[in-house]
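Residues per chain are reported as follows:
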Amino acid sequence: MTLKAAVAQGEKLLNDSGVPAARLTAEVLLAHALRQERVYLISHSGDELGDTARIHFGRYLHERVQGKPTQYVTRRQEFYGRVFYVAPGVLIPRPETELLVETLVTRLQPGQRVLDVGVGSGCICATLALETRAQLFGTDISADALRIAARNVDTLRAPVLLAQGDLVQAFAPASLDAVVSNPPYVPESDRATLAPEVREWEPEGALFAGRDGLDAYRRLVPDAARVLRPGGLLAFEFGFGQSPAIQELLREWDGVEVHSDLAGIPRFALARRAN
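Just so it is clear, the structure is predicted and the values come from calculations on it, not from any experiment.

Criteria and thresholds
Residues numbered from 1 in each chain as written. Predicted model: local features only at pLDDT ≥ 70, side-chain atom pairs only at ≥ 80, totals over all residues. Heavy atoms only, no water. Helix = DSSP H or I, 4+ residues; strand = E, 2+ residues; numbered from the N terminus. Contact = heavy atoms within 4.5 Å. Phe/Tyr/Trp six-rings, centres within 6.5 Å; stacked < 30°, edge-to-face > 60°. Buried < 20%, exposed > 50% of the residue type's maximum accessible area, 1.4 Å probe, protein only. Lys NZ or Arg CZ within 6 Å of the ring centre and 35° of its normal. Right-handed = clockwise from strand over helix to strand, strands pointing away. Pairing = 2+ DSSP bridges.

Attention now moves to the side chain of serine 121. Tracing the chain through its elements places serine 121 in the loop between β3 (113–117) and α7 (123–132). Apart from the residues within four sequence positions on either side, serine 121 is in contact with Phe84, Tyr85, Val86, Val90, Pro93, Ile148, Ala149 and Asn152.

Right, dumping it as structure tokens:
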């Protein structure tokens, strides 16, 4: 079987199983089985698929058909031009979060003390450390997430200090210049509406935040006010329809900004601690 034929066969299997973007997924999984990039499939489409790669490709297809997200199969996801290791212990980085990071890259200065609350894969803190030369810290209550974040930080050689803890409890008052977070914000009532590959594979603790999805913010906003210096920056992502409630929680902050994603949906907020 040639690589071209293997892609076609994989695409049909995924299509028949209702997996979206079947062609792209088949190419990604085959390239992963070959330990190559996708572009390799174009220049080597007539090559024969070896036995070892064929076995791996078959296993990857089976895992995807069973609902496992492609990123958990390949253990990788691109974010802000870098490849991050991901596993079921952390959320898969989303393009929406890149917009938050892109905005922060223009706001942070070298040497500033910045905390990423709930680091997950480490995609935010590692990227900000490398792009801004700020002094990055990262916390997460999950030991599994911290192990994954540490792997990414080490691989990318990003100068980030990681620690296990709940929100900002490890930091002294007025000790930080910025706090950034992509906290859990899905309401429990929305559980059934999530795609099965999200609901059944990604960590619940990084997805759900109480009845209305705002539980994390009710703790994060006052906690951030304690550890930020006057004028310090708070920035975080939030969910669909939550903008009014978020702005209410930030009513005592200065310079509140709400930014939308590429679909025009309000997606993240920035605010300054009042003097």
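Picking up after the structure, the text goes on.
Applying the stated rule across the entire model yields 3 aromatic pairs. On the numbers, 6.1 Å between centres and 85° between planes, the contact of phenylalanine 79 with phenylalanine 84 is edge-to-face. Phenylalanine 84 carries the same exposure label as phenylalanine 79, and that label is buried. Ring geometry for tyrosine 217 against phenylalanine 236: centres 5.0 Å apart, planes inclined by 40°, an arrangement best described as tilted. Of the two residues, tyrosine 217 sits in helix α10 (residues 215–227) while phenylalanine 236 sits in strand β7 (residues 228–237), which places them 19 residues apart along the sequence. For the pair tyrosine 217 and phenylalanine 236, a shared accessibility class is recorded, and that class is buried. Over the aromatic face of tyrosine 85 sits the side chain of arginine 151, whose NZ or CZ is 3.7 Å from the ring centroid. Directly above the aromatic system of phenylalanine 208 lies the positively charged group of arginine 191, at a separation of 4.0 Å from the ring centroid.

This paragraph deals with the pairing of strand β4 (residues 135–140). A large share of β4 lies buried, amounting to 5 of its 6 residues. Crossover handedness for the path β3 to α7 to β4: right-handed. Strand direction decides the pairing type here: β4 and strand β5 (residues 160–164), joined by 5 bridges, are parallel. Considered in β5, the bridge of phenylalanine 137 is made with leucine 161. For the crossover from β4 across helix α8 (residues 143–156) to β5, the handedness is right-handed.

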